Amino acid sequence: MKSILLITSLLTNCCNGVQYWSEPPPPIWEQVYEDVREIADERHRPGQNIDLRVAPGLPPERVEAVATLYADATSFWSGAFDFPQTISLTVMDESDRGWWESITTQESPPLRDDYNLYDARWFGDARSNKSIGMVGTDHLGMPHIVTVVGSGVDFEHSGAFSVPLVARHESTHWFQYLASGSMTEKCVDWKMALFLGYHLEPEDPRNDLNTNGMACPWLSMPCWFSEGHAELYTIPFSLHPDRLRGLRIWQINNKDTLTEDDLLRSLSRTRHNLTTGRHDCTYEIYYPIGLLVNEKLFYDFGDERINEFWLAIDQPSSAADPSWHRAFRNTFGMESEDWYVQSAIPYLLDSFEGRG
Ligand SMILES: [Zn+2]
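A brief structural summary. (Residues numbered from 1 in each chain as written. Predicted model: local features only at pLDDT ≥ 70, side-chain atom pairs only at ≥ 80, totals over all residues.)

When helices and strands are counted, the protein shows 15 helices and four strands. Counting across all 356 residues of the protein, residues that qualify as buried make up 38%. For the protein, the share of sequence-separated contacts (at least 6 apart) that also reach a separation of at least 24 residues comes to 73%. (Helix = DSSP H or I, 4+ residues; strand = E, 2+ residues; numbered from the N terminus. Buried ≥ 20, exposed ≤ 12 C-beta atoms within 10 Å, placed from the backbone. Contact = placed C-beta atoms within 7 Å.)

This is how it looks when you write it as structure tokens:
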């Protein structure tokens, strides 16, 4: 009896009528993922027209299933960016490599591949049990989505390499391209610049074309931004977001020993080194680190301002003064490097220790 009284008085004393017990807040990433799913439910979606290009012989019911998933994934973004353009979507399966090569030759606009960036190497990842995708741009900078949907994939499944998740990821890229000005004059030669960045030796004089130009914002954007952004708007819709996120964190090498300086260097890396013009990103920064950094960007600033940021990137850009840098300052009210140090890097370190 004595002990019951004691407990009663402790409860009364401790809390003074204020609620004395509450759930700890969910981790940042869980809140953010919940918010992303909420946008999908609540945002007005005007929809986006899709122009389908289908490999001969694909079963119509499978084409229909793919088209439905892309209609849903693209309508999510149509509510944020009101672009009038029609999305070109090419669908094939793992046996269509020959057809794909035949429609990407020099004589086949708009998919023609002048710089051999999207050649058979990309198709080499195609399998009957998975879905892969990419977004290319034509000679006018107009993006188009291409996907290989394995002949054996289950459309209901929503794990890694599943059709619904690839549809969300690639659809996000399509809107990123248009928002950041891929169809403007400054981006017409970005494939050429990419080609030079990938293929030339450092001493090759043609690098001048690359290092002196880089007017297209894509070329000097930070490595963590575009893939991580696409991942952030994809993984929350999977069957097990926690597992896919855990897998991404697992992919980061030596995370126990990474210092703040190491991470600052990683976040400051851009698609092309601003001095040498050469490609400067890694898988690790693009996807796993990119996902986490975009989670924190969303948490700090929210979906709408991030969309404003994408649109603000479409400005004159150069290696010395990349447009995303100015856009970051104007949209979020701080220098990107200050945000890295104050917010993104502490979050990364917490996430590596399972506290994110
Ligand atoms: Zn991607």
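Our next topic: the packing of helix 3 (residues 60–78) against helix 6 (residues 163–179). Any two packed helices are characterised by how steeply their axes cross, that is the angle between the axes, and by the distance between the axes. It is at 9 Å that the axes of helix 3 and helix 6 come closest, and there the two elements cross at 45°. Put simply, helix 3 runs oblique to helix 6. The interaxial crossing formed by helix 3 with helix 6 has right-handed handedness. Here Val66, Leu69, Tyr70, Ala73, Thr74 and Trp77 of helix 3 lie close against helix 6, whose contacting residues are Val163, Pro164, Ala167, Arg168, Ser171, Thr172 and Phe175. Residue classes in the contact of helix 3 with helix 6 are distributed as nine nonpolar, three polar and one charged. (Axes fitted to C-alpha atoms, helices over the stretch in contact; angles between N-to-C directions. Parallel < 35°, antiparallel > 145°, perpendicular 65-115°, else oblique. Left-handed = near helix turned anticlockwise from the far one by under 90°. Nonpolar A, V, L, I, M, F, W, Y, C, P; charged D, E, K, R; others polar.)

A few words now on the environment of valine 163. Inspection of the secondary structure assignment puts valine 163 in helix 6. Overall, valine 163 belongs to the buried group, with 25 C-beta atoms counted inside 10 Å. Discounting residues that sit within four places of it in the chain, valine 163 has contacts with Val66, Leu69, Ser131, Val149, Val153 and Phe155.

Before going further, it helps to examine the sheet that holds strand 2 (residues 87–92). Taken together, four strands build an open sheet; the order of strands is 1-2-4-3 and the sheet is mixed. Each edge of the open sheet carries a strand with a single partner, namely strand 1 (50–54) and strand 3 (131–137). Direction aside, neighbouring strands of the sheet carry axes that sit 20° apart on average. Alignment of strand 2 against strand 4 (residues 143–149), held across five bridges, turns out to be parallel. Within strand 4, the residue paired with threonine 90 across the bridge is valine 146. (Pairing = 2+ DSSP bridges.)

Along helix 15 (residues 336–352), the sharpest kink reaches roughly 40°, centred on alanine 344 and followed within four residues by the proline proline 346. All of the buried residues along helix 15 are Trp339, Tyr340, Ala344, Ile345, Tyr347, Leu348 and Ser351. The inward-facing, buried residues of helix 15 abut helix 10 (241–250), helix 11 (260–268), helix 12 (283–301) and helix 14 (323–332). Once helix 15 ends, the next one or two residues include glycine 354, with phi positive near 80°. (Bend = angle between axes of the 7 residues up to and from the residue.)

Here the focus is the packing of helix 13 (residues 303–312) against helix 14. Two numbers describe how helix 13 lies on helix 14: the axes approach to 9 Å, and their chain directions differ by 145°. As for the relative orientation of helix 13 and helix 14, their crossing is right-handed in sense. Two secondary-structure elements touch here, helix 13 through Arg305, Glu308, Phe309 and Ala312 and helix 14 through Ala327, Phe328, Asn330, Thr331 and Phe332. Looking at the contact of helix 13 with helix 14, its residues break down into five nonpolar, two polar and two charged.

Here we come to the environment of tryptophan 122. The residue tryptophan 122 is located in helix 5 (residues 120–123) in this model. Taking C-alpha positions, tryptophan 122 is 9.2 Å from glycine 133, a pair spaced 11 residues apart along the chain.

On to the nonpolar core. If you look at the biggest cluster of nonpolar residues, it comprises 70 residues, and the most contacted ones within it are Val163, Trp174, Trp224, Val293, Phe309, Ala344 and Leu348. Tallying contributions element by element places helix 6 first for this core, with nine residues. Among all residues touching tryptophan 224, those that are not within four sequence positions of it are Leu267, Ile285, Ile289, Gly290 and Val293. (Core = buried A, V, L, I, M, F, W, Y, C linked by C-beta atoms within 7 Å.)

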